[in-house]
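Here is how the chains run, residue by residue.
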Amino acid sequence: MRGTVSKNLVPLLKQVNEGLEQAKASGAAFEPSIIRQNLENLSAYMIPGPEISLIKNTFIMVAEHQVAVRIYHPNPEQPLPVLLHFHGGGHMCGSIDLYDPISRELAIAANAIVVCIDYRLAPEHPYPAGIEDCQYLLENYQNLLKDYRFSATLYIAGDSAGGAICTSLVTNNINNPDINIDKQILMYPSVDYSMSSPSIVENGEGFLLESDKIRWYFQQYFNIDNIDVNTNEATAALIKKASPLLADFDSRMPKTLVITAGCDPLRDEGALYAEKAQQAGVCVEHYQFDELIHAYMLLSKLVPEQYHQTYMMIEKFIKAK
């Protein structure tokens, strides 16, 4: 069922929808540089993050590529857990800088050392380049933290495409004895590249993220002209392989927190991921903000109450045994 949006978001959506209509009419709606700038512009709607005791910019080398990472340590005197933070942006947009307030909030809410990565983006670096960067970080984050005290407890967190990365890493490492992810935090995650959930249609227009933009994102990500799984067997196999929702679920998957938004085209796939994980024997918590939209974490000045509630949920989830 199509969601009913918060009145706090109505003025922004009216402005965005009018601009989108003009952009589509001019043929300039889907240009990578424009899409990226539009997402970065949302920083004006973000509440600045809290002060963090130690922040360090550094990098990792993945397949001869230098990939930036930023470390947030809220208490350098303590051996804290580590949280790997994977930002959203449709695998095409987003950055450490844009997500800085969220990384800071996560460090406080989880009482953990947060490591956020500027993984490579499509279309310049299509699938699976970004996943490979994040896999490397998952395998080697301890080397980045050799100058700090940290515990063996590991969390991962991501919103939208960052949720896709989290769930992909979980799927890809379920039989890897060297990787142990204790908990994962998913905010309006993208977990199904087949775009087959009812909410893709029901919430596919008017709520900031639209279904035609999602399709375009995915085509850039996979470097294909059509993501329709009925097009050919190769496309169907690729989409199935890449979609965490279509993978096998296992009781060994980490404890999972899923937060969805009622006016989000990705609402149903996030809810179904939570359901399938729970059916597999995973400890899962699922909360939904019925009146919110995709990417509401980047609109915190407009929905501050729900924004802070989200971190309260995360803090409670982390503290639970």
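The structure reproduced in this document is the subject of the present report. (Residues numbered from 1 in each chain as written. Predicted model: local features only at pLDDT ≥ 70, side-chain atom pairs only at ≥ 80, totals over all residues. Heavy atoms only, no water.)

Quick word on unusual backbone geometry
Moving on, step 1. Look at the link from A122 to P123: it is a cis peptide, with omega at 0°.
Moving on, step 2. Structurally, P123 is set in the loop between strand 4 (113-117) and helix 4 (129-144).
Moving on, step 3. Y127 connects to P128 through a cis peptide bond whose omega is 5°.
Moving on, step 4. Of note, P128 is situated in the loop between strand 4 and helix 4.
Moving on, step 5. For H91, which is not glycine, the phi dihedral falls at a positive 65°.
Moving on, step 6. As for its placement among the helices and strands, H91 is situated in the loop between strand 3 (80-86) and helix 3 (100-110).
Moving on, step 7. Classification of H91 as buried rests on a relative accessible area of 3%.
Moving on, step 8. Non-glycine residue L208 carries a positive phi angle of around 80°. (Helix = DSSP H or I, 4+ residues; strand = E, 2+ residues; numbered from the N terminus. Buried < 20%, exposed > 50% of the residue type's maximum accessible area, 1.4 Å probe, protein only.)

Here we look at the packing of helix 3 against helix 10 (residues 304-319)
Packed helix pairs are specified by the crossing angle of their axes together with the interaxial distance, meaning the distance between the axes.
Moving on, step 1. Where helix 3 meets helix 10, the axes come as close as 8 Å, and the angle between the chain directions of the two elements is 40°. Comparing their axes, helix 10 and helix 3 come out oblique. Every pair of crossing elements has a handedness; the one defined by helix 3 and helix 10 is right-handed. Facing helix 3, whose interface residues are P101, I102, E105, L106, A109 and A110, helix 10 presents Y307, H308, Y311, I314, E315 and I318.
Moving on, step 2. A breakdown of the residues in the contact of helix 3 with helix 10 according to their chemical character gives nine nonpolar, one polar and two charged. (Axes fitted to C-alpha atoms, helices over the stretch in contact; angles between N-to-C directions. Parallel < 35°, antiparallel > 145°, perpendicular 65-115°, else oblique. Left-handed = near helix turned anticlockwise from the far one by under 90°. Contact = heavy atoms within 4.5 Å. Nonpolar A, V, L, I, M, F, W, Y, C, P; charged D, E, K, R; others polar.)

Focus on the packing of aromatic side chains
Moving on, step 1. A full pass over the atoms with the stated rule returns 13 aromatic pairs.
Moving on, step 2. With 4.9 Å between their ring centres and 90° between their planes, Y307 and Y311 make a pair best called edge-to-face. Here Y307 and its partner Y311 are both found in helix 10, four residues apart, which amounts to about one turn of the helix. Of the two residues, Y307 and Y311, neither departs from the other in class, the shared state being buried.
Moving on, step 3. In this arrangement the basic side chain of K183 is found over the ring face of F317, its NZ or CZ atom lying 5.1 Å from the centre. (Phe/Tyr/Trp six-rings, centres within 6.5 Å; stacked < 30°, edge-to-face > 60°. Lys NZ or Arg CZ within 6 Å of the ring centre and 35° of its normal.)

Digging into the pairing of strand 8 (residues 284-289)
Moving on, step 1. Looking at chain direction, strand 7 (residues 255-261) and strand 8 are connected through six bridges and run parallel. Counted as the bridge partner of V258 is H286 from strand 8.
Moving on, step 2. On the question of chirality, the crossover connecting strand 7 to the parallel strand 8 by way of helix 9 (residues 267-279) is right-handed. (Pairing = 2+ DSSP bridges. Right-handed = clockwise from strand over helix to strand, strands pointing away.)

Things to note about the layout of surface pockets
Moving on, step 1. Its boundaries defined by the atoms lining it, the largest pocket holds a volume of some 720 Å³.
Moving on, step 2. Lining the largest pocket are 34 residues, with V16, N38, L39, L208 and K213 positioned closest to its centre.
Moving on, step 3. Of all the secondary-structure elements, those providing two or more residues to the lining of the largest pocket are helix 1 (10-26), helix 2 (32-40) and helix 7 (211-222).
Moving on, step 4. One number sums up the size of the second largest pocket: a volume of about 160 Å³.
Moving on, step 5. Taken together, L169, V170, N173, I174, N176, I179, N180, I181, R252, M253 and P254 make up the lining of the second largest pocket. (1 Å grid on protein atoms, 1.4 Å probe; cavity = no way out; pocket = protein on both sides within 12 Å on 5 of 7 lines; lining within 4 Å. Points joined across faces, edges and corners; volume = space filled by probe spheres on them.)

Here we look at the environment of S53
Moving on, step 1. Looking at where S53 falls in the secondary structure, it is placed in the loop between helix 2 and strand 1 (54-62).
Moving on, step 2. The exposure class assigned to S53 is exposed, which follows from its relative accessible area of 57%.
Moving on, step 3. C-alpha of S53 to C-alpha of N140: the two residues are 87 residues apart in sequence and 23 Å apart in space.
Moving on, step 4. Beyond its immediate chain neighbours, meaning those up to four positions away, S53 contacts H73, P74 and P76.
Moving on, step 5. Within polar-contact distance, the side chain of S53 engages the backbone oxygen of P74 at 3.1 Å. (Polar contact = N/O pair within 3.5 Å; in protein donor to acceptor, adjacent residues only side chain to side chain.)

What to know about helix 9
Moving on, step 1. End to end, helix 9 covers 19 Å across 13 residues, agreeing with the expected 18 Å (1.5 Å per residue, within 8%).
Moving on, step 2. Restricting attention to buried positions, one finds in helix 9 the residues R267, E269, G270, Y273, A274 and A277.
Moving on, step 3. Residues of helix 9 that are buried in the fold lie against helix 5 (161-172), strand 6 (183-187), helix 6 (198-202), strand 7 and strand 8.
Moving on, step 4. G281 sits one or two positions beyond helix 9 and adopts a positive phi of about 100°. (Expected span 1.5 Å × (residues − 1).)

Brief notes about the side chain of T167
Moving on, step 1. Note that T167 resides in helix 5.
Moving on, step 2. On the accessibility criterion, T167 (0% relative accessible area) is buried.
Moving on, step 3. Of note is the side chain of T167, whose polar atom sits 2.8 Å from the backbone oxygen of G163.

Here's the deal with the sheet that holds strand 3
Adjacent strands of a sheet form backbone hydrogen bonds with each other and so pair up, either parallel or antiparallel.
Moving on, step 1. Read from one edge to the other, the open sheet built from eight strands follows the order 1-2-4-3-5-6-7-8, with strand pairing classed as mixed. The sheet is open, and its two edges are formed by strand 1 and strand 8, each paired on a single side. Averaged over neighbouring strand pairs, the angle between their axes works out to 20° when direction is ignored.
Moving on, step 2. Here five bridges tie strand 5 (residues 150-159) to strand 6, and the two strands are oriented parallel to one another. Note on strand 6: the bridge partner recorded for I156 is Q184.
Moving on, step 3. In the packing of helix 4 onto the sheet, contacts are made with strand 1, strand 2 (65-73), strand 3, strand 4 and strand 5, and the angle to strand 1 comes to roughly 125°.
Moving on, step 4. Here helix 10 sits on the sheet in contact with strand 5, strand 6, strand 7 and strand 8, set at roughly 165° to strand 6.

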